[in-house]
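Spelled out from the first residue to the last, the chains are:
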Amino acid sequence: MSNATSFWIAVRNAKNQHNIEVRHRVMSQRNGSRSFWTLVKQIEKNYSHSSLPPFSCQDGTIAEVLAKIFAANSTMDVPTNAQVKSIQRVPYTMREVTLRNKTVRRDMIPAIVLKRCAAELAPVLSRFFQISYESGTFPENCKFAHRCINRELLNYLERHSLISDRQYGFRHQRSTGDLLAYVTQLWGKLIQSYGEAHVVALCIRKAYDQLWHAALLSKLPSYGLPEKLCRWISVVIGGFSSSSHNVNAAGKKRLATTFYLTRDLEAIAAWGRNNLVQFNASKTQYCTLTNKKRPSAHPVSMDGRVLPKSHSFRLVEVQITEDLIWHEHISSIAAAAGNKLRYLFRAEKYFSPHDLLTLYKGQIRSSLEYSSHVWRAAAPTTLFMLDAAQRRAVRLIDDSSLTDSLGTLSHRRDVGHLALFYHYTNGHCSSELSSIARLTLASHPDRVELRTSRTGRYDRSFLPPRLWNNLQEEPFPSSTNLRQFKEVW
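So, how was this worked out
- Residues numbered from 1 in each chain as written.
- Predicted model: local features only at pLDDT ≥ 70, side-chain atom pairs only at ≥ 80, totals over all residues.
- Heavy atoms only, no water.
- Helix = DSSP H or I, 4+ residues; strand = E, 2+ residues; numbered from the N terminus.
- Buried < 20%, exposed > 50% of the residue type's maximum accessible area, 1.4 Å probe, protein only.
- Areas by Shrake-Rupley, 256 points an atom, 1.4 Å probe, with all protein chains shown as cover.
- Axes fitted to C-alpha atoms, helices over the stretch in contact; angles between N-to-C directions.
- Parallel < 35°, antiparallel > 145°, perpendicular 65-115°, else oblique.
- Contact = heavy atoms within 4.5 Å.
- Nonpolar A, V, L, I, M, F, W, Y, C, P; charged D, E, K, R; others polar.
- Core = buried A, V, L, I, M, F, W, Y, C linked by side-chain atoms within 4.5 Å.
- Pairing = 2+ DSSP bridges.
- Salt bridge = Lys/Arg side-chain N within 4 Å of Asp/Glu carboxyl O.
- Phe/Tyr/Trp six-rings, centres within 6.5 Å; stacked < 30°, edge-to-face > 60°.
- Lys NZ or Arg CZ within 6 Å of the ring centre and 35° of its normal.

Looking at an unreviewed UniProt entry, the protein chain carries the name Reverse transcriptase domain-containing protein, with the source organism given as Acanthoscelides obtectus.

Spelled out as structure tokens, the structure:
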């Protein structure tokens with residue numbers, strides 16, 4: 001046997017031994033556990049490490065350099081004549097926050113700690129953070145106190161309707177899916193009535209990094225917040241500063257809001273100037289949604305700058321085109337699913353059929369169904385791409401005892417559509433959504449009145465819900481129970 005042959009035999013044996021060891025490690029993990037997903041990520045990266053050299057510098061530690069960068073991005077040039085506009089005080093007052101033992105909920109403690117010593121820690125943590133609140137000091141690296149205060153504050157604001165009804169994100173029983181359902185239905189209605197709808201998607205420059213602290217803190221007492229809580233929040237915001245790198249504008253979330261084209265664009269720009277908020281013109285998107293062969297070509301300007309017109313834009317990770325046909329969005333998610341499936345075919349030797357089913361449900365099918373209530377009525381030829389992805393997954397798993405329970409994607413989209421509308425009919429939505437359809441007595445108690453539709457785009461939107469009206473009375477529980485409603489289907 002030649003040396004070359006011996007070499008390749010050794011390489012092949014080493015690969016086989018490596019595959020056996022990796023498969024044994026996967027099989028030793030509980031399916032779907034955190035350690036299982038950690039191992040999956042390592043396999044995806046082929047156990048490789050970054051080829052970039054370790055970050056180092058000569059003028060300070062890594063933390064020092066990162067602190068300088070953060071401070072540079074989170075510092076605003078506040079004009080000396082900048083004035084905070086006062087707002088009218090609300091006729092409510094929030095009670096003082098008291099952190100008792102029962103304030104410590106199960107979801108506020110890591111699972112391993114909750115399992116072993118939550119009962120002992122709860123009273124200690126409650127007293128500790130009550131002292132923090134009373135004294136106006138804040139411990140570093142503490143998310144627990146954030147959650148407690150945030151829950152009390154949100155309950156107060158929700159109870160007195162002090163948060164705008166049009167705020168969909170970061171609220172209980174609200175989601176960006178509600179926003180997509182509302183705006184797509186509204187756009188379809190405008191196209192039916194007027195032939196087109198103009199949409200401007202505004203992007204706030206450095207919204208993650210810059211928020212005017214003085215303007216925010218000055219408005220807190222007007223919402224009835226107690227003095228101790230206002231002081232505690234000011235300390236928390238001040239916690240973004242270090243001893244040597246001060247910031248005056250650190251924010252917490254990136255904002256992107258979609259407005260319809262109106263004459264108020266200039267008023268929005270003026271509001272931004274008064275509140276030291278800059279809009280990123282290079283990322284602002286303007287699109288005309290229409291079914292006209294020759295849409296209007298009037299230039300749209302904001303703050304003296306003409307907005308460039310685009311044929312599509314993204315809203316909460318959904319690609320929306322000017323014709324409101326979902327081919328481009330569905331093609332993109334089908335292509336992404338195909339890439340993930342190709343990886344699973346290559347890594348099939350590491351996983352059991354049950355593992356492959358878990359990976360498909362967790363990493364692929366979830367992306368195929370994101371916001372499906374908006375685009376579920378797309379052309380059948382377009383939806384066929386998603387069905388093809390699931391058929392490939394079934395061939396990959398190759399175990400009928402597991403794949404027979406998957407169900408078709410079209411059925412799952414219908415169930416999701418009905419479950420979301422059931423959620424709305426029970427009042428778990430904004431007033432904008434609840435006012436779209438009127439309830440009437442018909443084949444079942446929650447049948448809704450269908451609005452007249454003259455265009456296919458409006459007819460295929462989330463509302464009017466023709467599928468909902470075809471239901472019989474049997475699926476409806478005697479009381480509000482979303483899980484029981486879904487189990488019927």
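That was the structure; now back to the text.
Draft legend 1. Structural view of the overall build of the protein chain. Summing up its helical and strand segments, the protein chain has 19 helices and seven strands in all. For the protein chain, the residues scored as buried account for 38% of the 489 residues in total. A total of about 29,200 Å² of accessible surface is found on the protein chain, and carbon and sulfur atoms cover 54% of it.

Draft legend 2. Region of interest: the packing of helix 11 (residues 353–368) against helix 13 (residues 380–397). Between helix 11 and helix 13, the least distance of the axes is 10 Å, while the angle of their chain directions is 170°. Here helix 11 is positioned roughly antiparallel relative to helix 13, judged by the angle of their axes. For the pair helix 11 and helix 13, the contacting residues are P353, L356, L357, Y360, R365 and L368 in the first and L386, A389, Q390, A393, L396 and I397 in the second. Here the residues of the contact of helix 11 with helix 13 are counted per class, giving 10 nonpolar, one polar and one charged.

Draft legend 3. Region of the structure containing the nonpolar core. Ranked by internal contacts, the top residues of the largest apolar core, which has 57 residues, are W187, L289, I320, F351 and L386. Those residues within four positions of L289 in sequence are excluded, and the remaining contacts are W187, I191, G195, E196, A197, V199, F313, I320, T321, E322 and L324.

Draft legend 4. Here's a closer look at the pairing of strand 6 (residues 312–315). Here strand 6 runs beside strand 7 (residues 318–321); their pairing, made up of four bridges, is antiparallel. Pairing of L315 across the sheet is with V318, part of strand 7.

Draft legend 5. Seen up close, the environment of N275. Structurally, N275 is set in the loop between helix 9 (265–274) and strand 3 (285–290). The residues touching N275, leaving out its near neighbours within four places in the chain, are W212 and K219.

Draft legend 6. Structural detail: the pattern of salt bridges. In the structure shown here, the tally under the stated rule is eight salt bridges. Where E152 meets R95, a salt bridge forms, and the shortest distance between an N and an O atom there is 3.4 Å. Of the two residues, E152 sits in helix 5 (residues 144–159) while R95 sits in the loop between helix 3 (62–73) and helix 4 (111–135), which places them 57 residues apart along the sequence. You can call E152 buried: its relative accessible area is 17%. Overall, R95 belongs to the exposed group, its relative accessible area being 54%. Here R171 makes a salt bridge to E158, at a shortest N to O gap of 2.8 Å. Taken as a pair, R171 in the loop between helix 5 and helix 6 (176–194) and E158 in helix 5 lie far apart in primary sequence, 13 residues in all. Each of the salt bridges in this network shares a partner with another, and the network as a whole consists of R95, R151 and E152.

Draft legend 7. Quick peek at the packing of aromatic side chains. Per the stated rule, a full pass over the model turns up four aromatic pairs. Judged by centre distance (5.1 Å) and plane angle (70°), the rings of F7 and W8 are edge-to-face. On the accessibility criterion, W8 (58% relative accessible area) is exposed. The interplanar angle of 80° and the centroid separation of 5.9 Å between the aromatic rings of W187 and F313 together place this pair among those described as edge-to-face. In this pair, W187 is assigned in helix 6 and F313 in strand 6, connecting sequence segments 126 residues apart. W187 gets classed as buried once you look at its relative accessible area, which sits at 0%. Above the ring of Y350, the side-chain terminus of K349 is found at 4.9 Å from the ring centroid.

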